[in-house]
Amino acid sequence: MTTHDDVVEERRNFLYIATGAAGVVAAGAAAWPLIDQMNPSKDVLALSSIEVDLSKIPLGQNAVFLWRGNPVFVRHRTEAEIAEARAGDTADLADPEKDEDRVQKPEWLIISAVCTHLGCVPLEHHGDFDGWLCPCHGSHYDISGRVTKGPAPLNLPVVPYEFLDDSTVRIG
Amino acid sequence: MASENKFEPTNPTLKWIEDRLPLMGLIYNSIGGGYNVPRNLNYWWNFGVLAGFMMVVQIVTGIILAMHYIPNIDLAFDSVQHIKRDVNYGWLLQAIHANGASMFFIVVYVHILRGFYFGSYKAPREILWFLGIIIYLIMMATGFMGYVLPWGQMSFWGAKVITNLFSVFDFIPFIGDGIVNWLWGGFSVGQPTLNRFFSLHYLLPFVLVGVVILHVWALHIPGSTNPLGIDAKGKHDKIPFHPYYTAKDAFGLGVFIIFFAAFVFYIPDFLGHPDNYIKANPLVTPTHIVPEWYYLPFYAILRAIDNKLIGVLAMFSSILIMFAMPWLDGARVRSMRFRPLSRFFFWLFVANGIFLGYLGQRAPDDILWFGLVATSYAQMATFFYFAYFLIIMPLVSRMETTKPVPTSIAAAVLEANKKG
Ligand code: HEM
Ligand code: FES
């Protein structure tokens, strides 16, 4: 049987919970601007793109460009290097990917130069697999930018790019 | 802050103030004649006061540096050179602050290991111990952000690698992916990062002061333990802090300042890294990046593990595991003076920690001895590090037969005096 006291208590409990819930929501709403201000601001977000003149990069060379504050590798691969990259497709990879899926034109490999371990810039023409070696904690990347050894979990990602003509590419 | 002696000023003005705000009494009962301390403390008990001294030194010199430093990626590097070359006594204050961070860590490491050896983390001092670990974590964050401020190559790449540690949490839905961008305020370490690190580097030392006050408060509830590890019982076991330990601490402080000054005046760059005299360049990672010496053992643990997530978790756990020590160690006797086997493993742990530090500054693929690379040794040392806490400490502390413990501090001290 519900008495008058039960009803009062029930109503009071409801008020406690409703006030508490409103307080939590308000506190969350007040905290959000304090947290979100640390995210990249609008000017940083405004995506920039860069154009790269490929005719300046000789065969077998690796060039580095700064895109959105991070370095990007543009590697002009030789026939032998392309063959090696294709042969690497069958290797036991941590992050399996085919070389042909990582390039638009096989002689131009355009990838992020940020090691997927902790963000250092790997050194070209180093490492056990003719690609890159990250000096920080020893991740090796092959000539397709795929991780073959070391603590890095993922391949060096392909960045978004587009060929404007045979010798110009736009990154971003 | 319980005490037997009450502070009663005779001067009427002082008494008038004391009746309204008992501040002098608080000091008297905390570090004065009103605070009674075990009579047998040795020099290992100096390091808490030394840490407090270093905290004050860092805050005073830091506030002055901030008057001349510019947190801008184009100007920061030059502004530090300006401090060193042009600002009056800037060379001195900058060298004190930069070396002071190292001194602070040296002192705190000794202080922590003193706690390990003499069982200071055991009941009833667990909260005191936890507050100490929190202090250490705040120091690590502060030192890391401070090292970024001069914006040299090591500053930049250290910042990049350490902030990237948080990218292992990218499997967490919603927040995971953006966590490093949130930390950086961009797509890489840049202007927003430097700016916020400066803000936080200024803030955290004051948070540290707050936690240190709690730490000292928690200390004054049971009071200090002592080299024998037995509780002080009667009047005979204790002496007033002032003048006995104020004098002992002052002497220790003098010796320490000589050591500190030797670095500041003769080898101010000894603990630094030459690459940090090169301005930050986001296109080129130095061929060999190393953190400051005080992070090296943990850096070695991070690199020992060939899996990003597990490596990062191992590194964080290697510090957080200290929170469990009051329970991992089940010995009834505090001090390792009476626990020879524990003592042996303790020194092995210290040697292992130094070895990890050595490995942390070698390149991972360096071949060291017997054809094994640095990473292989780091794996063994990391294993020992965790085995010390998780296997050796729980078992040895519970199984070891301890040597006879003296009945009281006074008895032990008088006995030792008789032998001369
Ligand atoms: C817990 C105490 C503190 C620690 C451990 C600490 C640590 C450090 C470290 C390691 C550096 C880099 C020094 C170098 O390589 O040149 C630094 C720089 C700096 N710190 Fe601190 N700091 C502390 C407190 C403070 C405070 C309270 C301020 C006040 C704002 C401050 C302001 C600065 C400034 C402006 C710099 C850049 C100038 C320079 O590089 O010398 N620090 N700090
Ligand atoms: S950052 Fe490249 S291996 Fe760690």
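The preceding data block contains the structure.
Residues numbered from 1 in each chain as written. Chains lettered and ligands numbered in written order. Predicted model: local features only at pLDDT ≥ 70, side-chain atom pairs only at ≥ 80, totals over all residues. Heavy atoms only, no water.

Chemist: Would you take a moment to explain the overall build of chain B for this structure?
Modeler: Each helix and strand counted, chain B has 16 helices and 2 strands in total. Seen through its C-alpha atoms, chain B measures out along the principal axes to roughly 65 × 60 × 50 Å. A burial count over chain B gives 50% of its 420 residues as buried. If you take every contact in chain B between residues at least 6 apart in sequence, the share linking residues at least 24 apart comes to 78%. Surface exposure of chain B reaches about 20400 Å², of which carbon and sulfur atoms provide 71%. Side-chain charges of chain B comprise 28 positive and 22 negative groups, with the mean position of each set lying 10 Å from the other. (Helix = DSSP H or I, 4+ residues; strand = E, 2+ residues; numbered from the N terminus. Buried < 20%, exposed > 50% of the residue type's maximum accessible area, 1.4 Å probe, protein only. Contact = heavy atoms within 4.5 Å. Areas by Shrake-Rupley, 256 points an atom, 1.4 Å probe, with all protein chains shown as cover. Lys, Arg positive; Asp, Glu negative; His and termini not counted. Charge placed at Lys NZ, Arg CZ, Asp CG, Glu CD.)

Chemist: How should I be thinking about a nonpolar patch on the surface in this particular structure?
Modeler: Taken together, Tyr89, Trp91, Phe265, Tyr266, Ile267 and Phe270 of chain B make up a surface patch of nonpolar side chains, about 780 Å² in accessible area. Secondary-structure assignment places Tyr89 of chain B in the loop between helix H4 (76-85) and helix H5 (90-118). (Patch = residues over 30% accessible without salt bridge, like charges linked within 9 Å, V, L, I, M, F, W, Y side chains within 5 Å. Salt bridge = Lys/Arg side-chain N within 4 Å of Asp/Glu carboxyl O.)

Chemist: Even after reading the chapter, I still don't get empty space enclosed by the protein, so can you show me in this structure?
Modeler: Gaps left between atoms show up when a probe the size of a water molecule is rolled over them. Residues and elements named next belong to chain B. Scanning the entire structure with this criterion turns up 2 cavities of 30 Å³ or more. Its volume calculated, the largest cavity comes out at about 70 Å³. Taken together, Tyr121, Asp329, Met336, Arg339, Ser342, Phe345, Tyr388, Ile392, Met393, Val396 and Ser397 make up the lining of the largest cavity. Elements supplying a minimum of two residues to the lining of the largest cavity: helix H14 (340-360) and helix H15 (374-399). Sorting elements by how many residues they give to the lining of the largest cavity places H15 first, with 5 residues. Looking at side-chain class alone, the lining of the largest cavity contains 7 nonpolar, 2 polar and 2 charged residues. What the second largest cavity holds in volume is close to 50 Å³. What lines the second largest cavity is Ala300, Arg303, Ala304, Leu359, Gly360, Pro364, Ala374, Thr375 and Ala378. Taken together, the elements giving at least two residues each to the lining of the second largest cavity come down to helix H11 (296-304), H14 and H15. Its residues assigned to classes, the lining of the second largest cavity shows 6 nonpolar, 2 polar and 1 charged. (1 Å grid on protein atoms, 1.4 Å probe; cavity = no way out; pocket = protein on both sides within 12 Å on 5 of 7 lines; lining within 4 Å. Points joined across faces, edges and corners; volume = space filled by probe spheres on them. Nonpolar A, V, L, I, M, F, W, Y, C, P; charged D, E, K, R; others polar.)

Chemist: Which parts of the structure should I look at to understand the pattern of salt bridges?
Modeler: When their charged atoms lie close together, side chains carrying opposite charge are able to pair. One pass over the structure, following the stated rule, counts 14 salt bridges over all chains. Measuring nitrogen to oxygen at the nearest pair gives 3.3 Å for the salt bridge that ties Lys15 of chain B to Asp19 of chain B. Of the two residues, Lys15 of chain B and Asp19 of chain B both sit in helix H1 (residues 12-20), 4 residues apart, roughly one turn of that helix. Here the residues in one salt-bridge network are Arg77, Arg86 and Asp99 of chain A, joined through shared partners.

Chemist: How do you make sense of the coordination of the iron atom of ligand 1 when you look at a structure like this?
Modeler: Ideal geometry at a metal centre gives angles of 109.5 degrees when four donors are arranged tetrahedrally and 90 or 180 degrees when six donors are arranged octahedrally. All names here are of chain B. For the iron atom of ligand 1, every protein donor is listed as His97 (NE2) and His201 (NE2), and the spread of their distances is 2.0 Å. Note that the iron atom of ligand 1 binds 6 donor atoms; their angles at the metal cover 87 to 179°, and the shape is octahedral. Placement of His97 in helix H5 and of His201 in helix H9 (residues 191-220) is noted, with a sequence separation of 104 residues between them. Like His97, the residue His201 is buried in the burial classification. (Donors = N, O, S within 2.8 Å, 3.2 Å for Na, K, Ca; no water. Tetrahedral: all angles 85-135°; square planar, octahedral: opposite > 155°, others 65-115°.)

Chemist: What is the right way to look at the interface of chain B and chain A in this model?
Modeler: Bring the parts together and some accessible area is lost; that lost area is often taken as the interface size. Contact with chain B, which involves 27 residues of that partner, is made by 31 residues of chain A. Three residues, Trp182, Phe187 and Leu283 of chain B, lead the burial of chain B against chain A; their summed loss comes to 29% of the area buried on that side. At the boundary of chain B and chain A, one finds 0 salt bridges. Here chain B and chain A share 11 residue pairs in polar contact (both at pLDDT 80 or more) between them. Mapped by element, the contributors of at least two residues to the side of chain B that touches chain A are helix H7 (153-164), helix H8 (179-184) and H11 of chain B. For the side of chain B that touches chain A, the leading source of residues is H7 of chain B, giving 4 residues. When the residues that make up the side of chain B that touches chain A are grouped by side-chain class, the tally is 13 nonpolar, 8 polar and 6 charged. (Buried area = accessible area lost by both parts, 1.4 Å probe. Polar contact = N/O pair within 3.5 Å; in protein donor to acceptor, adjacent residues only side chain to side chain.)

Chemist: I tried to follow the nonpolar core on my own but got confused; where do I start?
Modeler: Side chains that are nonpolar tend, in soluble globular proteins, to be buried together. With 127 residues, the main nonpolar core has Phe116, Tyr136, Met322, Tyr388 and Phe389 of chain B as its most contacted residues. When sequence neighbours within four positions are dropped, the list of residues in contact with Phe389 of chain B reads Phe116, Ile321, Met322, Met325, Leu328, Phe349 and Pro394 of chain B. Of all hydrophobic cores here, the second largest spans 14 residues; its members include Val74, Ile110, Tyr161 and Val169 of chain A. (Core = buried A, V, L, I, M, F, W, Y, C linked by side-chain atoms within 4.5 Å.)

Chemist: Where do I start with the state of the cysteines in this structure?
Modeler: Disulfides are covalent bonds that connect the sulfur atoms of two cysteines. Residue and element names in this part refer to chain A. Across all of its chains, the model carries 1 disulfide over all chains by this definition. Linked covalently through their sulfurs, Cys120 and Cys136 form a disulfide whose S-S length is 2.0 Å. Between Cys120 and Cys136, the S-S torsion sits near -90°, and that sign places the bridge as left-handed. In this pair, Cys120 is assigned in the loop between strand S4 (108-112) and strand S5 (123-124) and Cys136 in the loop between strand S6 (130-133) and strand S7 (140-142), connecting sequence segments 16 residues apart. With respect to class, Cys120 is no different from Cys136; both count as buried. (Disulfide = S-S within 2.5 Å.)

Chemist: Please clarify how the packing of H5 of chain B against H14 of chain B should be interpreted in this entry.
Modeler: If you want to describe how two helices pack, look at the angle between their axes and the distance between the axes. Residue and element names in this part refer to chain B. Two elements in contact, H5 and H14, have axes separated by 10 Å at closest approach and are oriented at 160°. It follows that H5 is roughly antiparallel to H14 by the angle criterion. Relative to H14, H5 is oriented so that their crossing is right-handed. Between H5 and H14, the contacting residues are Leu113, Phe116 and Tyr117 on the first element and Arg343, Phe346, Trp347, Phe349 and Val350 on the second. (Axes fitted to C-alpha atoms, helices over the stretch in contact; angles between N-to-C directions. Parallel < 35°, antiparallel > 145°, perpendicular 65-115°, else oblique. Left-handed = near helix turned anticlockwise from the far one by under 90°.)

Chemist: What should I look at first to understand the site of ligand 1 in this one?
Modeler: All names here are of chain B. Of all residues adjacent to ligand 1, which total 25 residues, the nearest are Gly62, Gln94, His97, His201 and Tyr202. Side-chain polar atom of Gln94 to an oxygen atom of ligand 1: 2.7 Å apart, as the coordinates give it. Between ligand 1 and His97 there is a distance of 2.8 Å, counted from a nitrogen atom to a side-chain nitrogen or oxygen. Among the cavities detected, the one that contains ligand 1 is the second largest pocket. Among the secondary structure elements, those contributing two or more residues to the shell around ligand 1 are helix H3 (47-66), H5, helix H6 (126-148) and H9. Looking at which element gives the most residues to the shell around ligand 1, the answer is H3, with 6 residues. In the shell around ligand 1, the residues fall into 17 nonpolar, 8 polar and no charged. (Near = heavy atom within 4 Å. Sits in = over half its atoms within 2 Å of the grid points.)

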